[in-house]
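Residues per chain are reported as follows:
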Amino acid sequence: MIQGVKGMRDILPPASGVWNFVEAAARRIFTRFNYREIRTPILEETVLFARGVGEETDIVNKEMYTFEDRDGSSLTLRPENTASVIRSYIEHRLDQQPGLQKLYYIGPMFRRERPQKGRYRQFYQIGAEAIGSDSPAIDAEVIELVVAILHEVGIRDFELFVNSVGSKKSRARYNEALQAELKDVAPKMCEDCRRRAQSNPLRVLDCKVPEDQPIIERLPSILDFLDEEDREHFRRVREFLEDRQIRFTVNPRLVRGLDYYARTTFEITHGALGSQNAILGGGRYDRLAETLGSKTPAPGIGFSIGEDRLVMTVEASQALNPQRLDVYIAPMGDTALRHCAALAREIRELDLSVELGTDRKLKRMMELANKQEARFTLIVGDNEIVSQAYTLKDMASGDQQTLSRQALLDRLRRP
RNA sequence: GCGGCUGUAGCUCAGCUGGUAGUAGCGCCAGAUUGUGGUUCUGGAUGUCGAGGGUUCGAAUCCCUCCAGCCGCCCCA
């Protein structure tokens, strides 16, 4: 049997209905915040991600699907979308458009990681970028926007963490200070932390072992390494969030991220997700455009929601009503079947979903109507064609009435 | 990429001190007299027991390899 590729999955009904629900909700909120959709290619030149995301990140080092094209150029399946959006912004001179560019996207990304629940090699992100301003008010609005999306899909019990990682320079200084400090205290910590102190000091901050917490609390905070401007920027972001009555926790340990992050970073987690508990993450990337060759600065901030994970929490938190069938038409015989095609078209024009049965037996068609939870079944046989009166059965109550063609359409028009 | 656990009908699973697959539940199909579903009853189909190899007279059951999923690491969405 030919199977799907590892880490990639089929999204079947009824789950696909939840995906559509989530995407429709996101689009509504994006529209309210005046974001418009951008669609970028799934393939980009490898160098875009190498430079944009950062040569030293795990994503670029070991997780990209990179291959040589027939002409010898190196192409990569996008592992994230911010770099592509900025590339497009530069290429099409969107900085010449009036005001901010507020763009959103929905689509698949690819990273070759070991698959797990909530972690797939082809996964989907719903994201947005606000490019062209470094105002802290934009940071707060972007965060307000993601919170609004979560509310719109019915998720309330999440936690929002915000932090500021300052400039690249202050992050480097912080990393040094952390390493120096860890040299002394790491031996007293758990096995994992001792390893991380060597390989990736920032990861120590994520340790969940209770005994290590007192030590971690005494480690230096990145917030103490910010310069004056970064500190003020972060203060105002928090102020704007409070004005908007958005509940958040400052988490100085939230320092991970791609190389391009600067100043504000944020993350939202949800308990129902297990170890892959981050449902979305984002941050500011004021220098990314220049890194990618823009002559003019284009400070921006964005986020991406892990749609797979969002769908999981939506599925866990509420029972969504699946797509309903409005009318099942049961024609009795070939004449009726031909006759019903026009009838089906007329009912569909009322924006109702219609299934036109092709089975020979009425009993069988009634069964199918029932299994698909049709609201009505319309029975059309010789009697009905001759008399131009149709039998409409309400499947919930079992009531049946005989209606003229016009009365039938009127009856179906109102719920 | 590393470690652990798991893999039997469409789904959930039983069988696993080796003897050649389950009247299991749900679902699916058909019938209970020719234009009426949901309940009930009756009957039926479907599995190369994840794949390949090995041990054995004989393997779903033991061993090896591979594949996939899940959990942890790592990373992140």
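Because the structure is a prediction, the values reported are computed rather than measured.

Draft legend 1. Summary view of the overall build of chain A. Secondary structure assignment for chain A yields 16 helices and 16 strands. Against the 2.2 N^0.38 benchmark of 22 Å for 415 residues, chain A shows a C-alpha radius of gyration of 28 Å, more extended than a compact globule. Counting only C-alpha atoms and orienting by the principal axes, one finds that chain A spans roughly 90 × 50 × 50 Å. Looking at the 415 residues of chain A, the share that counts as buried comes to 50%. Here the contacts in chain A between residues at least 6 apart in sequence split such that 69% fall between residues at least 24 apart.

Draft legend 2. Structural detail: helix α1 (residues 15-32). Taking 1.5 Å as the rise per residue, α1 with 18 residues should run 26 Å; its terminal C-alpha atoms sit 26 Å apart, in good agreement. Every buried residue of α1 is accounted for by Val18, Trp19, Val22, Glu23, Ala25, Ala26, Ile29 and Phe30. Taken down its axis, α1 places every buried residue within 160° of arc, on the same side. Exposed residues pointing more than 90 degrees away from the buried face of α1 are listed as Asn20, Thr31 and Arg32. If you follow the buried residues of α1, they end up packed against β5 (101-110), β6 (122-131), α5 (136-152), β11 (300-306) and α12 (307-317). Asn34 lies just past α1 and shows a positive phi near 65°.

Draft legend 3. Representation of the pairing of β5 within the structure. Of all 10 residues that make up β5, 10 are buried, and the element is covered over most of its length. Judged from the 2 bridges that link them, strand β1 (residues 36-37) and β5 form a sheet pairing that is parallel. Looking across to β5, one finds that Arg36 is bridged to Leu103. Across 10 bridges, the pairing between β5 and β6 is antiparallel. Directly across from Leu103, in β6, lies its bridge partner Glu129.

Draft legend 4. Layout of the protein's contact with RNA strand B. RNA strand B sits among 48 residues. The nearest are Arg196, Arg203, Arg256, Arg364 and Asn383. Arg112 is positioned with one of its side-chain polar atoms (N or O) 3.2 Å from a phosphate oxygen of RNA strand B. Measuring from a base nitrogen of RNA strand B, one finds a side-chain N or O atom of Glu384 at 2.8 Å. Looking at the surface near RNA strand B, the element that brings in the most residues is helix α14 (residues 362-371), giving 7 residues. Here the surface near RNA strand B is composed, by residue class, of 11 nonpolar, 16 polar and 21 charged.

Draft legend 5. Molecular detail of unusual backbone geometry. The residue after Pro13, namely Pro14, is reached through a cis peptide bond having omega 5°. A positive phi angle, near 55°, is found at Arg263, a position not held by glycine. Along the chain, the position of Arg263 falls in strand β9 (residues 262-270). If you check the backbone angles, Gln388 has positive phi at about 55° while not being a glycine. You can see Gln388 is positioned in the loop between α15 (382-387) and β15 (389-394). Gln388 sits in the partly exposed class, given a relative accessible area of 36%.

Draft legend 6. Just helix α16 (residues 405-413), in detail. Within α16, burial applies to Leu408, Leu409, Arg411 and Leu412. Taken around the axis of α16, the buried residues stretch over an arc of 160°, which confines them to a single face. Summarising the contacts, the buried residues of α16 are in contact with β12 (327-331), α13 (334-348), β14 (376-380), β15 and β16 (400-404).

Cut-offs used in this document
- Residues numbered from 1 in each chain as written.
- Chains lettered and ligands numbered in written order.
- Predicted model: local features only at pLDDT ≥ 70, side-chain atom pairs only at ≥ 80, totals over all residues.
- Heavy atoms only, no water.
- Helix = DSSP H or I, 4+ residues; strand = E, 2+ residues; numbered from the N terminus.
- Rg over C-alpha atoms; globule rule 2.2 N^0.38 Å.
- Buried < 20%, exposed > 50% of the residue type's maximum accessible area, 1.4 Å probe, protein only.
- Contact = heavy atoms within 4.5 Å.
- Expected span 1.5 Å × (residues − 1).
- Arc of directions from axis to C-beta.
- Pairing = 2+ DSSP bridges.
- Near = heavy atom within 4 Å.
- Polar contact = N/O pair within 3.5 Å; in protein donor to acceptor, adjacent residues only side chain to side chain.
- Nonpolar A, V, L, I, M, F, W, Y, C, P; charged D, E, K, R; others polar.

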